[in-house]
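# Architecture and fold: a report
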There are 2 protein chains.
Amino acid sequence: MNSGSVFFHSTPVFPRGFRCASRNVGLKPSARDLTLFASDVDAAAAAVFTRNHFPGAPVILGRETMRGGVLRAIIANSKVSNVATGLPGLENARRMASAAASELGTSPNRVLVSSTGVIGVPLPIEKIVTGVVGMSGELQGDPMVGAEGIMTTDTYPKAISAAVGDATITWVAKGSGMIEPNMATMLSYIFTDAAFDAPTLDRMLRAAVAPSFNSLSVDTDTSTSDTCVMMANGLAGDVDETQFFAVLRDGCIRMTEILARDGEGAKHMIRVTVDGALSDHEAHVVAKSIVNSPLVKTMVHGADPNVGRLLMAIGKCFDCTIVPTTTGASINGFPVVARGERLSFDDAIVRETLSRDVVDIAVSLGVGQGFARVFGCDLTAGYVEENAAYYSS
Amino acid sequence: MNSGSVFFHSTPVFPRGFRCASRNVGLKPSARDLTLFASDVDAAAAAVFTRNHFPGAPVILGRETMRGGVLRAIIANSKVSNVATGLPGLENARRMASAAASELGTSPNRVLVSSTGVIGVPLPIEKIVTGVVGMSGELQGDPMVGAEGIMTTDTYPKAISAAVGDATITWVAKGSGMIEPNMATMLSYIFTDAAFDAPTLDRMLRAAVAPSFNSLSVDTDTSTSDTCVMMANGLAGDVDETQFFAVLRDGCIRMTEILARDGEGAKHMIRVTVDGALSDHEAHVVAKSIVNSPLVKTMVHGADPNVGRLLMAIGKCFDCTIVPTTTGASINGFPVVARGERLSFDDAIVRETLSRDVVDIAVSLGVGQGFARVFGCDLTAGYVEENAAYYSS
């Protein structure tokens, strides 16, 4: 579960045969808002999507597209999410796939469409179909160019890459708000030149997403656009599956941590590890309760050693087995709770440890072997300000 | 479910035979921090407490005390909650009951103890047992004096009263933060001179708490001290039970609305009504998802017509029956969503309606007869600031 064992490139690169381009086509005033990721050859592909009951048109279309198990490209726009837009929205998503397919010389059912931004606003499809023309001539090898194009309220673009055997894996993602993925994260694209078939990719992707993107929560709100897709074009040939999966999972965890650190308004990443639960499921419930508690999040934000709030957040998991006398907790390794009681400690030490960029909260429930680790961030006035004025901005 | 039908006194009064007193005994710098509520005669009593797995010592003792079904008094301190304090904490709660019993000339098992404030800090019991001496001579008839004594981060004291037949019901409560009661609210005391036995009180209290205090959420965090207790001293004789219950329930709903409006940092009360759900339970789950969504709360705070967030919050109830084509929503009566799609509307109108003190969100799911109404408030920078520095303040 530790992402420290993988070597990530200091500057991200693409696997063989993958390139991207991004442009401003007038959806935003001047920032890049349309992005194309393409493989030179067809790639086996797998994806997981949001479980929200109101999936966006791109997700509805994406589920259909992924049945083929083959992709050549991804086209993504930011600013408008094409969600809650009905049949015209679905038609617009199809036009977006067709426009990218024409530009790249492939078929629309090999293009995955993503849209991210405001919900319920019609997609400015004409700007997109016009804007994509000529982008195939701009495809180049820096994943950061694509990462920049898919940003909404992210404060910086997010791409990483790592080698595995002779192959490379590259992750490009966006996050920030409306994030408590269930099946996937906001938008997360994974590219590799290793050769795997679609069913194998699907199995590995689902296993890698569970301890990473599905264990992330910025604000408990599950987006209607969450998409995590993986493309493998095989140009590097076969790679050991066990070794590949380890790197895939660790890269997903690393990208999850990057998303948590850039949560809307966030100043700290909070990582909560629960062990000794009755089951992994109960460990996950308790860990989520802590990482999502507004009072724990504000405690971290204020670096205020009001650690009784940890007990509150554990204790409100009504349906979990919690035994006060076996419950302990620590912050960055410093014990703050034992046997269900707050320990006496020097406030200044806890203040110092809560002030660090990464705040690791570890809870031991002492009733079984269940384990979970989840990722989140603090709650700040910046989050409130950003989201009180998101639509009009 | 509408609290508009009950006449509440313009200035709250106590029922016959109830009085209160409050003092500063040095727990806070100068504000009142110790409060006594007393009946001149023994009163039948019922209570519901927090479901948090780490109940405070006063809750543990309170469950024991309530077995008798009889109370003479309630003693409550603010500033320190006596939670996560182990056996010494329980012993301190017992000493607090004994001190109040001595002062009032009754037995400790007829005194309910409440403590509210910071978790995990030892109760300054000597200040309390010394401080209570002489308070029986200060008992008087204004419930606001008691309401003021139990405040923590509340910005104003909360008491209301209403007549029912020849009897009176008086509600005194505190709220503000760490509020998503499950069985009760933070501290809510209900006094009446109507004559009912303890089992009848218990049945009525549980039925009244469900659509009121148990439908309130300020921040999804469930306190370790939640207590709702009701005392009936019988001095007004028998009262029609049906009529009494209607007033009891409507007063609990009114007090819940008062607590929501004074949620930490809140500028708006949000009332969410869901009908047409498959069951009342599913209606409650969807209503809670909306009222607790940080993105809905900040939308109200910013009066920003980003109403797609309502669909997001409905849609993330994975286990509920949600059919996009039958889903509609309105804000203060103004339709914003129909058939699962955002309607086109004049932004200025939605901005105006979101700016009102009370924002009523109504959702119709169109799949059954399930109904629920819940209460909450907007999320503001004030909430963050208050809770980032609560412990040290």
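Computed from a prediction, not measured in an experiment: that's the story for all the values here.

Within chain A, the regular secondary structure consists of eleven helices and 14 strands. Against the globule reference of 21 Å for 393 residues, chain A gives a C-alpha radius of gyration of 21 Å, in line with a compact fold. Per-residue burial for chain A yields a buried fraction of 63% across its 393 residues.

With that out of the way, let us pick up the packing of helix H11 (residues 381-388) of chain A against helix H11 (residues 381-388) of chain B. Axis separation between H11 of chain A and H11 of chain B bottoms out at 8 Å; the angle between their running directions is 175°. Comparing their axes, H11 of chain B and H11 of chain A come out roughly antiparallel. Facing Ala 381, Val 384 and Glu 385 of chain A of H11 of chain A, the residues of H11 of chain B in contact are Ala 381, Val 384 and Glu 385 of chain B.

Residues and elements named next belong to chain A. Looking at chain A, the domain boundaries give domain 1 (3-261) and domain 2 (269-388). The distance between the C-alpha centroids of domain 1 and domain 2 comes to 32 Å. Taken together, the twelve residues of domain 1 in the interface contact eleven residues of domain 2. A breakdown of the residues in the side of domain 1 that touches domain 2 according to their chemical character gives four nonpolar, six polar and two charged.

Turning our attention to the interface of chain A and chain B. Chain A puts 54 residues into the contact, and the matching count from chain B is 54 residues. Listed by contribution, the elements that provide at least two residues to the side of chain A that touches chain B are helix H8 (294-302), helix H9 (308-315), strand S12 (341-342) and H11 of chain A. A per-element tally of the side of chain A that touches chain B places H9 of chain A first, with seven residues. Class assignment for the residues of the side of chain A that touches chain B results in 24 nonpolar, 21 polar and nine charged.

Let us look at the relation of the copies chain A and chain B. Note on the copies: chain A fits chain B at an RMSD of 0.0 Å, the axial shift is 0.0 Å, and the rotation between them is 180°. Both chain copies can therefore be described as sitting about a two-fold axis. Using C-alpha coordinates, one finds that chain A approaches the rotation axis most closely at Ala 381 of chain A, a distance of 2.2 Å. Of all interface residues in chain A, 100% are interface residues in chain B too; the two copies therefore contact each other through one and the same surface.

Another point: the packing of helix H7 (residues 280-292) of chain B against helix H9 (residues 308-315) of chain B. Helix packing for two helices is described by the angle between their axes and how far apart those axes are. Residue and element names in this part refer to chain B. Here H7 crosses H9 at 135°, and the two axes come no closer than 8 Å. When the axis of H7 is compared with that of H9, the two are oblique. The way H7 lies across H9 gives a crossing that is right-handed. Residues Val 286, Ser 289 and Ile 290 of H7 lie in contact with H9, whose contacting residues are Leu 310, Ala 313 and Ile 314. Across the contact of H7 with H9, the residue classes tally to five nonpolar, one polar and no charged.

Turning next to the pairing of strand S8 (residues 227-237) of chain A. All names here are of chain A. Most of S8 sits out of view: nine of its eleven residues are buried. One ladder, built from six bridges, connects strand S2 (residues 34-49) with S8; its direction is antiparallel. Across the sheet, residue Ala 47 finds its bridge partner in S8, namely Val 229. Two elements, strand S7 (residues 187-194) and S8, share seven bridges in a ladder whose sense is parallel. Residue pairing across strands places Leu 187 opposite Thr 227, the latter belonging to S8.

A few words now on the environment of Ala 43 of chain A. In this structure, Ala 43 of chain A sits in strand S2. Once the C-alpha coordinates of Ala 43 of chain A and Arg 110 of chain A are considered, the two residues, 67 residues apart in sequence, prove to be 9.1 Å apart.

Turning next to the sheet that holds S12 of chain A. Residue and element names in this part refer to chain A. Spatially, S12-S11-S10-S13-S9-S14 is the arrangement adopted by the six strands of the open sheet, whose pairing is mixed. The open sheet terminates on both sides in strands that have one partner only, identified here as S12 and strand S14 (370-377). Where strand S10 (residues 328-331) meets strand S13 (residues 358-364), four bridges bridge the pair, whose relative direction is antiparallel. Residue pairing across strands places Ile 331 opposite Ile 361, the latter belonging to S13.

Definitions and limits used
- Residues numbered from 1 in each chain as written.
- Chains lettered and ligands numbered in written order.
- Predicted model: local features only at pLDDT ≥ 70, side-chain atom pairs only at ≥ 80, totals over all residues.
- Helix = DSSP H or I, 4+ residues; strand = E, 2+ residues; numbered from the N terminus.
- Rg over C-alpha atoms; globule rule 2.2 N^0.38 Å.
- Buried ≥ 20, exposed ≤ 12 C-beta atoms within 10 Å, placed from the backbone.
- Axes fitted to C-alpha atoms, helices over the stretch in contact; angles between N-to-C directions.
- Parallel < 35°, antiparallel > 145°, perpendicular 65-115°, else oblique.
- Contact = placed C-beta atoms within 7 Å.
- Domains from an automatic or database assignment.
- Nonpolar A, V, L, I, M, F, W, Y, C, P; charged D, E, K, R; others polar.
- Least-squares fit on C-alpha atoms with pLDDT ≥ 70 in both.
- Left-handed = near helix turned anticlockwise from the far one by under 90°.
- Pairing = 2+ DSSP bridges.

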